[in-house]
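Okay, here's what each chain looks like letter by letter:
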Amino acid sequence: MFTSFLTRNRVKCLVFHEISRRMMSNIFEAKICLLGDSGVGKSSLAARLVHNTFNNNNESTIGASFMTTSFLHLDTTFKLNIWDTAGQEMYRALAPMYYRQARVCIVVYDVTQQSTFRSLQSWVRELQTHLTDGVVIAIAANKTDLKDSRVVSEKDGREYAQSIGAVFMETSAKSAQNVRQLFVAIAAKLLTISAPKRTESTGIAVKETVEESRGKCC
């Protein structure tokens with residue numbers, strides 16, 4: 001009976017260690033950098049994803065702000081370290097300090113401002129020059145809730161994204177339209193590129209982290 005007891009406990013220990021190993025192997029941590037002109041809604045997209053909030057009176061970001069959040073996609077927990085960069089021209093030279101070593105760069109434009117769509121293409125050219133292969137570029141066409149003021153069509157945005165192999169999503173930080181879907185699409189592409197070892201779902205709970213700081217860089 002004592003031997004049977006030891007055997008059962010040994011089995012339980014082995015099962016526990018196997019579950020722990022699988023949980024650890026299914027955590028994918030990624031640095032994400034938000035880029036684009038001032039006022040396109042980068043901070044609002046980050047706040048909507050992390051805190052599920054929207055503020056009409058957001059102040060312009062100075063330098064950069066940092067947030068983290070986690071979510072479960074398929075059997076992988078994605079921990080996202082999000083750097084939200086300032087869009088003002090005076091801070092443009094600082095951008096490489098933040099997108100360096102990023103796994104994902106999201107370039108945001110405002111569908112009601114044609115100039116931000118032109119700027120998007122400038123940002124992409126810069127990223128293509130400085131980033132290594134394997135970095136995911138995503139394009140967020142933001143402020144789709146302002147339908148009467150729209151000047152950039154979905155067709156133009158989608159065709160441009162397809163031409164550079166980027167993830168594309170039309171979003172509204174105000175209404176929350178497609179914000180989470182944007183990051184899920186990015187997660188799916190990261191899995192495709194990285195092709196990590198897949199295991200059965202470990203039941204890891206979705207986590208919402210509220211850690212935030214401003215004006216720092218890693």
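Everything numeric in this text was worked out from a predicted model, so none of it was measured. (Residues numbered from 1 in each chain as written. Predicted model: local features only at pLDDT ≥ 70, side-chain atom pairs only at ≥ 80, totals over all residues. Heavy atoms only, no water.)

Where do I start with the pattern of salt bridges in this structure?
Opposite charge on two side chains allows them to pair when their charged atoms are near. Under the criterion given, the structure shown has five salt bridges. Residue Asp-110 is joined to Lys-143 by a salt bridge in which the shortest nitrogen-to-oxygen separation is 3.4 Å. Residue Asp-110 is found in strand S4 (residues 104–110), and its partner Lys-143 is found in the loop between strand S5 (136–142) and helix H5 (154–164); the two are separated by 33 residues along the sequence. According to the relative accessible area criterion, Asp-110 is buried, its value standing at 4%. A relative accessible area of 23% places Lys-143 in the partly exposed class. One salt bridge connects Glu-159 with Lys-155, and the closest N-O pair in it is separated by 3.0 Å. Note that Glu-159 and Lys-155 are positioned in helix H5 at a spacing of four residues, about one turn of the helix. Classification of Lys-155 by relative accessible area gives exposed; the value is 55%. (Salt bridge = Lys/Arg side-chain N within 4 Å of Asp/Glu carboxyl O. Helix = DSSP H or I, 4+ residues; strand = E, 2+ residues; numbered from the N terminus. Buried < 20%, exposed > 50% of the residue type's maximum accessible area, 1.4 Å probe, protein only.)

It is not clear to me how helix H2 (residues 42–51) should be interpreted in this structure. Could you clarify?
For the α-helix, the turn length of 3.6 residues means that residues three or four positions removed from each other point alike. Across the ten residues of H2, nine count as buried, placing the element largely inside the fold. Residues Lys-42, Ser-43, Ser-44, Leu-45, Ala-46, Ala-47, Arg-48, Leu-49 and Val-50 constitute the buried set of H2. Downstream of H2 by a residue or two, Asn-52 has a phi angle that is positive, lying close to 55 degrees.

Looking at this structure, I do not really get the environment of Val-167. What am I missing?
Tracing the backbone shows Val-167 in strand S6 (residues 167–170). Considering only alpha carbons, one finds Val-167 and Ile-137, 30 residues apart in sequence, at a separation of 6.5 Å. With sequence-adjacent residues up to four places away left out, Val-167 is seen in contact with Val-136, Ile-137, Ala-138, Ile-139, Leu-182, Ala-185, Ile-186 and Lys-189. (Contact = heavy atoms within 4.5 Å.)

When you look at unusual backbone geometry in this model, what are you seeing that I'm missing?
Note on backbone geometry: most residues besides glycine have negative phi, and most peptide bonds are trans. Of note in this structure, Leu-74 is not a glycine but carries a positive phi near 55 degrees. Assignment of secondary structure puts Leu-74 in the loop between strand S2 (64–73) and strand S3 (76–85). For Leu-74, a relative accessible area of 56% corresponds to the exposed category.

Which parts of the structure should I look at to understand the packing of aromatic side chains?
Any aromatic ring pair is given by two values, namely how distant the centres are and how the planes are angled relative to each other. In this structure the tally under the stated criterion is six aromatic pairs. Ring plane angle 40 degrees and centroid distance 4.7 Å describe the contact between Phe-66 and Trp-83, whose orientation is recorded as tilted. With Phe-66 in strand S2 and Trp-83 in strand S3, the pair connects residues that are 17 residues apart, well separated along the chain. Residue class for Phe-66 comes out buried when judged on its relative accessible area of 14%. Aromatic ring contacts, followed pair by pair, group Phe-28, Phe-71 and Phe-78 into a single cluster. (Phe/Tyr/Trp six-rings, centres within 6.5 Å; stacked < 30°, edge-to-face > 60°.)

Functional significance is not addressed by these values, which are geometric in nature.
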